[in-house]
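Residue-level listing of the chains:
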Number of protein chains: 2
Amino acid sequence: MSKQRSDCPISCSLDIFGDKWSLLIIRDVMLRGKCSYSEFLKSEEKIATNILSSRLALLEAAQILSKETAPDNRSKFIYRLTQKGADLLPIIVELMDWGARYHDHCPRRELGKKIKKNKAAVIDEYMQRLKEQIRS
Amino acid sequence: MSKQRSDCPISCSLDIFGDKWSLLIIRDVMLRGKCSYSEFLKSEEKIATNILSSRLALLEAAQILSKETAPDNRSKFIYRLTQKGADLLPIIVELMDWGARYHDHCPRRELGKKIKKNKAAVIDEYMQRLKEQIRS
DNA sequence: ACTTGGTACTTGCAAAATGCAAGCGCAAAG
DNA sequence: CTTTGCGCTTGCATTTTGCAAGTACCAAGT
């Protein structure tokens, strides 16, 4: 953890993941079932390898992601959400809802429509699902 | 608006306010009743003048904030939330909740406690209040 | 044993963003 | 007609980002 600018909880949150990339990695783990370096690289936003590497290290240090070696391949690592990381779900959902509402070219797909219909239910449903995947 | 990295609504949102400062300005307007350049400068996170200036311009361009000259002083400007800006409230609330939950040194004050008790009610209450201040 | 491919990075360098201090232009007040 | 307040802009150093290339390790094929 670097420095925190104040003791405001909003500011503290932004100190950790207030950038253009961290929450996209979280999105990939949370909603797209991605869990490895190479999978993150394939996302359409095209994150650079060094940025990905540094963000994964930061998210791990912040205990938002956990890292373990794959059981079948010792040179592969698996990233998973911790409880702290899973609790970012409402933020991700709100970001999606706002983005979809104000960008015509961001069509709501299945999840987006469910959020529009009943946001709280979607959060409950996904939180339940994430619970099973949580690592310390 | 610069470029957007993909048509994912989360990514689109981050393209606009995915940095360490934009949402702190929104917080100041939304929760602290601030509405001028000099008031934003006084916040404890100590934003630099040039950064503040560029962020205000970006938020205005994104139609999240509106800018008008003060009725009593032609050299003063008043920044207010638009509907699009006010709709960021749930994101701000979730950022506050997560930050307070995971940082011991970020004590929940009045609002933080109300959020913990009944998040949806807080959002409703504040959204109602913001409605009266909205500008196009 | 030796090559090929997959995975996860690191490194070097250029470009962009941030942070800091100082200065500027205008309007209102004294 | 000077001073104060407000909202910036500018110049410059530092930091972060982005891009391309290279490295290291493991595993599987031949």
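You'll find the structure just up there.
About the cut-offs
- Residues numbered from 1 in each chain as written.
- Chains lettered and ligands numbered in written order.
- Predicted model: local features only at pLDDT ≥ 70, side-chain atom pairs only at ≥ 80, totals over all residues.
- Heavy atoms only, no water.
- Axes fitted to C-alpha atoms, helices over the stretch in contact; angles between N-to-C directions.
- Helix = DSSP H or I, 4+ residues; strand = E, 2+ residues; numbered from the N terminus.
- Parallel < 35°, antiparallel > 145°, perpendicular 65-115°, else oblique.
- Contact = heavy atoms within 4.5 Å.
- Nonpolar A, V, L, I, M, F, W, Y, C, P; charged D, E, K, R; others polar.
- Near = heavy atom within 4 Å.
- Polar contact = N/O pair within 3.5 Å; in protein donor to acceptor, adjacent residues only side chain to side chain.
- Buried < 20%, exposed > 50% of the residue type's maximum accessible area, 1.4 Å probe, protein only.
- Buried area = accessible area lost by both parts, 1.4 Å probe.
- Salt bridge = Lys/Arg side-chain N within 4 Å of Asp/Glu carboxyl O.
- Core = buried A, V, L, I, M, F, W, Y, C linked by side-chain atoms within 4.5 Å.
- Least-squares fit on C-alpha atoms with pLDDT ≥ 70 in both.

1. Brief notes about the packing of helix α7 (residues 110–117) of chain B against helix α8 (residues 119–131) of chain B
Residues and elements named next belong to chain B.
For step 1, the next point in the chain: Across the interface, α7 lies against α8 with an axial gap of 5 Å and an inter-helix angle of 125°. In terms of their interaxial angle, α7 and α8 are classed as oblique. Within the contact between the two elements, α7 uses Leu111, Lys114, Ile115 and Lys117 and α8 uses Lys119, Val122, Glu125 and Tyr126.
For step 2, the next point in the chain: Class assignment of the residues belonging to the contact of α7 with α8 gives a composition of 4 nonpolar, no polar and 4 charged.

2. Thoughts on the protein's contact with DNA strand C
For step 1, the next point in the chain: As a structural note, the neighbourhood of DNA strand C is formed by 19 residues, with Tyr37 and Tyr79 of chain A together with Trp21, Asn50 and Arg55 of chain B the closest of them.
For step 2, the next point in the chain: What you see for DNA strand C is that sugar and phosphate hold 62% of its atoms within 4 Å of the protein.
For step 3, the next point in the chain: In this structure, a base oxygen belonging to DNA strand C sits 2.8 Å away from a side-chain N or O atom of Thr49 of chain A.
For step 4, the next point in the chain: One nitrogen or oxygen atom from the side chain of Ser53 of chain A is found 3.0 Å from a phosphate oxygen belonging to DNA strand C.

3. A word on helix α2 (residues 22–32) of chain A
Residue and element names in this part refer to chain A.
For step 1, the next point in the chain: The buried count for α2 comes to 9 of 11 residues, which makes it a mostly enclosed element.
For step 2, the next point in the chain: Every buried residue belonging to α2 is among Ser22, Leu23, Leu24, Ile25, Ile26, Arg27, Asp28, Val29 and Met30, and all of these are buried.
For step 3, the next point in the chain: Of the residues one or two after α2, Gly33 is the one with positive phi, at around 65°.

4. Comments concerning the packing of helix α6 (residues 89–102) of chain A against helix α1 (residues 9–17) of chain B
For step 1, the next point in the chain: Across the interface, α6 of chain A lies against α1 of chain B with an axial gap of 7 Å and an inter-helix angle of 85°. In terms of their interaxial angle, α6 of chain A and α1 of chain B are classed as roughly perpendicular. In this structure, α6 of chain A uses Ile92, Leu95, Met96, Trp98, Gly99 and Ala100 of chain A to contact α1 of chain B, whose residues at the interface are Pro9, Ile10, Ser13, Leu14, Ile16 and Phe17 of chain B.
For step 2, the next point in the chain: Split by residue class, the contact of α6 of chain A with α1 of chain B holds 10 nonpolar, 2 polar and no charged.

5. Quick notes on the interface of chain A and chain B
Many structure descriptions define interface size as the accessible area lost when the parts assemble.
For step 1, the next point in the chain: Facing the 46 residues of chain A at the interface are 46 residues of chain B.
For step 2, the next point in the chain: A buried area of about 4,200 Å², summed over both sides, lies between chain A and chain B, and 65% of it is on carbon and sulfur atoms.
For step 3, the next point in the chain: When the area that chain A buries against chain B is broken down by residue, the three leading residues are Arg5, Ile10 and Trp98 of chain A, summing to 18%.
For step 4, the next point in the chain: In this assembly, chain A and chain B are joined by 4 salt bridges.
For step 5, the next point in the chain: The residue Arg109 of chain A makes a salt bridge to Asp7 of chain B at a minimum N-O spacing of 3.5 Å.
For step 6, the next point in the chain: Applying the counting criterion to the chain A and chain B interface returns 20 residue pairs in polar contact (both at pLDDT 80 or more).
For step 7, the next point in the chain: Counting residues per element, the ones that place at least two in the side of chain A that touches chain B are α1 (9–17), α2, α5 (83–86) and α6 of chain A.
For step 8, the next point in the chain: The greatest single-element share of the side of chain A that touches chain B, amounting to 11 residues, is contributed by α6 of chain A.
For step 9, the next point in the chain: Across the side of chain A that touches chain B, the residue classes break down as 23 nonpolar, 9 polar and 14 charged.

6. Quick notes on the nonpolar core
For step 1, the next point in the chain: By size, the foremost hydrophobic cluster in this structure holds 76 residues, and its most contacted members are Ile26, Ile64 and Leu65 of chain A together with Ile26 and Leu65 of chain B.
For step 2, the next point in the chain: If sequence neighbours within four positions are ignored, Leu65 of chain B has contacts with Ile25, Ile26, Val29, Leu56, Leu59, Glu60, Tyr79, Arg80, Leu81 and Thr82 of chain B.

7. Some points on the relation of the copies chain A and chain B
Both copies of the chain are tied together by a single rotation about an axis and a shift running along it.
For step 1, the next point in the chain: Superposing chain A onto chain B takes a rotation of 180° plus a shift of 0.0 Å along the axis, which leaves an RMSD of 0.0 Å. In short, the pair behaves as if placed about a two-fold rotation axis. For chain A, the minimum C-alpha distance to the rotation axis belongs to Asp19 of chain A and amounts to 2.2 Å.

8. Digging into the protein's contact with DNA strand D
For step 1, the next point in the chain: Around DNA strand D, 19 residues are found, and the nearest of them are Trp21, Asn50 and Arg55 of chain A together with Tyr37 and Tyr79 of chain B.
For step 2, the next point in the chain: When the atoms of DNA strand D within 4 Å of the protein are sorted by group, sugar and phosphate make up 60%.
For step 3, the next point in the chain: At a separation of 2.9 Å, a phosphate oxygen of DNA strand D approaches a polar backbone atom of Ser38 of chain B.
For step 4, the next point in the chain: Between DNA strand D and Tyr79 of chain B, the relevant distance is 2.7 Å, taken from a phosphate oxygen to a side-chain nitrogen or oxygen of the residue.
For step 5, the next point in the chain: For the surface near DNA strand D, the elements supplying multiple residues, two or more each, are α4 (49–61) of chain A together with α3 (37–41), α4 (49–61) and β2 (77–81) of chain B.

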